[in-house]
Amino acid sequence: MENIDNATVFSPITQPRRRVGVIRAIWPVLRSMWKTARSRRELARMDAHLFADIGISRGEALMESERRPWDRHVTADPSRRSRGD
């Protein structure tokens, strides 16, 4: 096996490729979190008649809007899910 020194492994030539790979790997997650945060901000600004249209209360909307962007697990009542799922 070849003897590889640290200068080769951590050279300026190889490091940018690693960064690009990491960015490409986490970009979809970051984008999804950004969309989630934006949707929750919009939910918090809705009027009462819009809540009635989508079938949730103001309290439920506020609870959802206060969740962190990385907290993307579904907590809705399964009986409310559309039948097309």
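Please read these numbers as outputs of a predicted model, since none were measured by experiment. (Residues numbered from 1 in each chain as written. Predicted model: local features only at pLDDT ≥ 70, side-chain atom pairs only at ≥ 80, totals over all residues. Heavy atoms only, no water.)

Asks: Could you clarify how one ought to interpret the environment of Val 29 in this entry?
Replies: Here Val 29 is to be found in helix H2 (residues 15-44). With 41 residues separating them in the primary sequence, Val 29 and Trp 70 have C-alpha atoms 8.8 Å apart. (Helix = DSSP H or I, 4+ residues; strand = E, 2+ residues; numbered from the N terminus.)

Asks: Can you walk me through the confidence of the model for the protein chain in this structure?
Replies: Close reading of the predicted structure is inappropriate where its pLDDT is low. For the protein chain, per-residue confidence averages 77 on the pLDDT scale, and 67% of positions sit at 70 or higher. Confidence scores differ between elements of the protein chain, with helix H1 (residues 6-9) showing the lowest mean pLDDT of 54 and helix H4 (residues 58-65) the highest of 91. The model gives residues 81-85 a pLDDT under 50, and that stretch makes zero contacts with residues more than four places away or in other chains. (pLDDT = per-residue confidence, 0-100. Contact = heavy atoms within 4.5 Å.)

Asks: It is not clear to me how a nonpolar patch on the surface should be interpreted in this structure. Could you clarify?
Replies: A contiguous nonpolar surface patch, about 490 Å² in accessible area, is contributed by Val 22, Ile 23, Ile 26, Trp 27 and Leu 30. In this structure, Val 22 sits in helix H2. (Patch = residues over 30% accessible without salt bridge, like charges linked within 9 Å, V, L, I, M, F, W, Y side chains within 5 Å. Areas by Shrake-Rupley, 256 points an atom, 1.4 Å probe, with all protein chains shown as cover. Salt bridge = Lys/Arg side-chain N within 4 Å of Asp/Glu carboxyl O.)

Asks: What exactly am I supposed to notice about the environment of Arg 58 here?
Replies: Of note, Arg 58 is situated in helix H4. Of the residues examined, Arg 58 reaches a relative accessible area of 40% and is grouped as partly exposed. Considered as a pair, Arg 58 and Leu 43 are 15 residues apart in the sequence and their alpha carbons are 9.4 Å apart. With sequence-adjacent residues up to four places away left out, Arg 58 is seen in contact with Ala 44, Met 46 and Phe 51. Within the local environment of Arg 58, its side chain forms a polar contact with the backbone oxygen of Ala 44, the two atoms lying 3.2 Å apart. (Buried < 20%, exposed > 50% of the residue type's maximum accessible area, 1.4 Å probe, protein only. Polar contact = N/O pair within 3.5 Å; in protein donor to acceptor, adjacent residues only side chain to side chain.)

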